[in-house]
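As a plain string of letters, each chain reads:
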Amino acid sequence: MANEHKLEIFRGLWKFKSNTSKIWGVLALLSFITAIEVILGIYKPEWAMGEVLGMKVLNWIFIILTIFKAYYITWDFMHMRDETSALRRMVAWTGVFLVCYLVFILLQEGGYIESVYRNGFIKRDF
């Protein structure tokens, strides 16, 4: 039937009895991930303060968890799991590319501004 919704998440690992219970399950999952982000942001553990690729590990964790939440919301609530694989790839990979591009630009510009503040001179003039 065309109006039926899939009542499972994680490729069938968790199954729900109704749409309402699925919504509550997804809310619990997204709330759990958000709680992890908040706890990490408040306590800022020492192991997450190391640098990887010019940015703290904690920032990478935030970026990855945020992308996961956005992708999951698109996958489940915008019903991308029911579309053809070509459309899913087009939507998902376009978003992934744009987010990676945004992160690259922010890191480049942020690193330049930080070096200007630290050294007190302009390194590149555009």
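Conventions we followed
- Residues numbered from 1 in each chain as written.
- Predicted model: local features only at pLDDT ≥ 70, side-chain atom pairs only at ≥ 80, totals over all residues.
- Heavy atoms only, no water.
- Helix = DSSP H or I, 4+ residues; strand = E, 2+ residues; numbered from the N terminus.
- Buried < 20%, exposed > 50% of the residue type's maximum accessible area, 1.4 Å probe, protein only.
- Contact = heavy atoms within 4.5 Å.
- Areas by Shrake-Rupley, 256 points an atom, 1.4 Å probe, with all protein chains shown as cover.
- Axes fitted to C-alpha atoms, helices over the stretch in contact; angles between N-to-C directions.
- Parallel < 35°, antiparallel > 145°, perpendicular 65-115°, else oblique.
- Left-handed = near helix turned anticlockwise from the far one by under 90°.
- Nonpolar A, V, L, I, M, F, W, Y, C, P; charged D, E, K, R; others polar.
- Patch = residues over 30% accessible without salt bridge, like charges linked within 9 Å, V, L, I, M, F, W, Y side chains within 5 Å.
- Salt bridge = Lys/Arg side-chain N within 4 Å of Asp/Glu carboxyl O.
- Phe/Tyr/Trp six-rings, centres within 6.5 Å; stacked < 30°, edge-to-face > 60°.
- pLDDT = per-residue confidence, 0-100.

Asker: How should I be thinking about the overall build of the protein in this particular structure?
Answerer: Assigned secondary structure in the protein consists of three helices and four strands. Seen in sequence order, the protein has helices and strands lined up from the N terminus as β-β-α-β-β-α-α. The buried share of the protein, reckoned over its 126 residues, is 17%. Considering only intrachain contacts with a sequence separation of at least 6, the fraction spanning at least 24 residues in the protein is 38%. Surface accessibility of the protein: about 9,900 Å² in total, with carbon and sulfur atoms responsible for 68%.

Asker: Explain the packing of helix α2 (residues 57-77) against helix α3 (residues 85-119) here, please?
Answerer: In a pair of packed helices, the angle between the axes and the distance between the axes together describe the arrangement. Where α2 contacts α3, the two axes come as close as 12 Å, and the packing angle between them is 155°. Taken as axis vectors, α2 and α3 run roughly antiparallel relative to one another. Here the hand of the crossing between α2 and α3 comes out right-handed. Contacts between α2 and α3 involve W60, I63, I67, Y71 and W75 from the first element and R88, A92, V99, V103 and L107 from the second. Tallied by class, residues from the contact of α2 with α3 come to nine nonpolar, no polar and one charged.

Asker: Hey, could you run me through a nonpolar patch on the surface in this one?
Answerer: Residues F97, L98, Y101, F104 and I105 make up a contiguous nonpolar surface patch of about 530 Å² in total accessible area. Within the fold, I105 resides in helix α3.

Asker: Would you mind going over the packing of aromatic side chains with me for this structure?
Answerer: For any pair of aromatic rings, geometry is given as the distance between the ring centres together with the angle between the planes. Inspection of every chain in the model, using the stated rule, returns two aromatic pairs. Relative to Y72, the ring of F68 has its centre 6.4 Å away and its plane inclined at 20°; by these criteria the two rings are stacked. Residue F68 and its partner Y72 are located together in helix α2, separated by four residues, close to a single helical turn. Centre to centre, the rings of F97 and Y101 are 6.3 Å apart; their planes meet at 15°, and the pair counts as stacked. Of this pair, F97 and Y101 both sit in helix α3, four residues apart, which is roughly one turn of the helix. Judged by its relative accessible area of 55%, F97 falls in the exposed class.

Asker: Even after reading the chapter, I still don't get the environment of G41, so can you show me in this structure?
Answerer: Here G41 is to be found in helix α1 (residues 19-43). A sequence separation of 17 residues divides G41 from L58, and the C-alpha atoms of the two residues are 8.1 Å apart.

Asker: So what exactly am I meant to see when it comes to the packing of α1 against α2 here?
Answerer: At a minimum axis separation of 10 Å, α1 and α2 run at an interaxial angle of 170°. Between α1 and α2, the crossing angle belongs to the class labelled roughly antiparallel. Across the interface between the two elements, K22, V26, L29, L30, I33, T34, I36, E37, L40 and G41 from α1 touch L58, I61, F62, L65, T66, F68, K69, Y72, I73, D76 and F77 from α2. Here the contact of α1 with α2 is built from residues that sort into 14 nonpolar, three polar and four charged.

Asker: What exactly am I supposed to notice about the confidence of the model for the protein here?
Answerer: Interpreting fine coordinate detail is not advised for predicted regions of low pLDDT. Considering every residue of the protein, the mean pLDDT works out to 82; 84% of them sit at 70 or more. Model confidence for the protein, summarised as mean pLDDT per element, is weakest for strand β1 (residues 8-9) at 65 and strongest for α1 at 89.

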